[in-house]
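# A look at the structure
As a plain string of letters, each chain reads:
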Amino acid sequence: IDCKRALAWMRGPGGELYNMDPNTIVVTGDSAGGHLAQLLALTMDRKDLQPGFEQADTSVQGCCEFFGPQDMMDTNGHFNEIGVDINGLLEFFLIQKPKGEARELYELVSPFEHIKSITESPCPWMGMQGNRDGLAPVESSRKFYEEFFKNINCEQIWIESKNKKTRKGKF
């Protein structure tokens, strides 16, 4: 909701203040920021996610995400495979309830859940994911883009890294 509020601000006073074109807003981010960029692009103008500013235009004209996690439900167990307890992270830092008590909220923050019914791209989209990422599972990203692009005319390009992991972590 905070990111959507920021979009509304950019189309009003923020856009005027910074001399921005309110008709050309592209969201981008890496890791958690990539996750938020995906959610903004996939939930454009969802009035139920804009409490108090339902009339605001929260559309974006493009999304560029870098190694943002997509399957926050860990549907295929990819986070578990790399040793990341995504449910524990979401419960502790974001939702503050276990998935069993708040399944709808976990689905709401999962870009993968939003693409299940998409038949066309919400906006031009670019995603980047390293094949050796220790925090955002590459197989989860592959599954996301396979599903996302199933009914969308686009090209997927996968670049395999020969370098060691650049991001690692265990939660």
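Below or above, wherever it landed, is the structure these notes cover. All values reported here derive from a predicted model rather than from experimental measurement.

Before going further, it helps to spend a moment on the sheet that holds strand β1 (residues 26-30). Pairing is parallel in the open sheet, where three strands are placed in the order β1-β2-β3. The sheet is open, and its two borders are formed by β1 and β3 (125-128), each paired with just one other strand. Strand-to-strand twist in this sheet, taken as the mean axis angle between neighbours without regard to direction, amounts to 5 degrees. Taken together, the five bridges between β1 and strand β2 (residues 62-66) define a ladder with parallel strand orientation. Looking at the pairing, G29 lines up with E65 of β2. Packed on one face of the sheet, helix α3 (residues 32-42) meets β1, β2 and β3 and runs near 150 degrees to β1.

By the element assignment, S59 lies in the loop between α3 and β2. For S59, a relative accessible area of 14% puts it in the buried group. Side chain to side chain, S59 and D57 meet in a polar contact 2.7 Å long. Apart from the residues within four sequence positions on either side, S59 is in contact with L7, R11, M44 and D45.

Counting across every chain of the model gives six salt bridges. With a closest N to O distance of 3.6 Å, R11 and D57 form a salt bridge. Highlighted residues: R11 in the loop between α1 (2-10) and α2 (13-17) and D57 in the loop between α3 and β2, separated in sequence by 46 residues. D57 gets classed as partly exposed once you look at its relative accessible area, which sits at 34%. In this structure, E147 and K150 form a salt bridge, with 3.2 Å as the shortest nitrogen-oxygen distance.

With that settled, consider the packing of aromatic side chains. One pair of aromatic rings is described through two measures. These are the centre distance and the angle between the planes. The tally for this structure, following the rule as stated, stands at nine aromatic pairs. Arranged with centres 5.6 Å apart and planes meeting at 35 degrees, the rings of F144 and F148 form a pair that is tilted. With F144 and F148 both in helix α8 (residues 138-148), this residue pair falls four residues apart, about one helical turn. Judged by its relative accessible area of 0%, F144 falls in the buried class. By relative accessible area, F148 is classed as buried at 0%. Connected via pairs of aromatic rings, a cluster forms that spans W125, F144, Y145, F148 and F149.

Rules of the game
- Residues numbered from 1 in each chain as written.
- Predicted model: local features only at pLDDT ≥ 70, side-chain atom pairs only at ≥ 80, totals over all residues.
- Heavy atoms only, no water.
- Pairing = 2+ DSSP bridges.
- Helix = DSSP H or I, 4+ residues; strand = E, 2+ residues; numbered from the N terminus.
- Axes fitted to C-alpha atoms, helices over the stretch in contact; angles between N-to-C directions.
- Contact = heavy atoms within 4.5 Å.
- Buried < 20%, exposed > 50% of the residue type's maximum accessible area, 1.4 Å probe, protein only.
- Polar contact = N/O pair within 3.5 Å; in protein donor to acceptor, adjacent residues only side chain to side chain.
- Salt bridge = Lys/Arg side-chain N within 4 Å of Asp/Glu carboxyl O.
- Phe/Tyr/Trp six-rings, centres within 6.5 Å; stacked < 30°, edge-to-face > 60°.

Everything listed is a geometric property; what it means functionally is a separate question.
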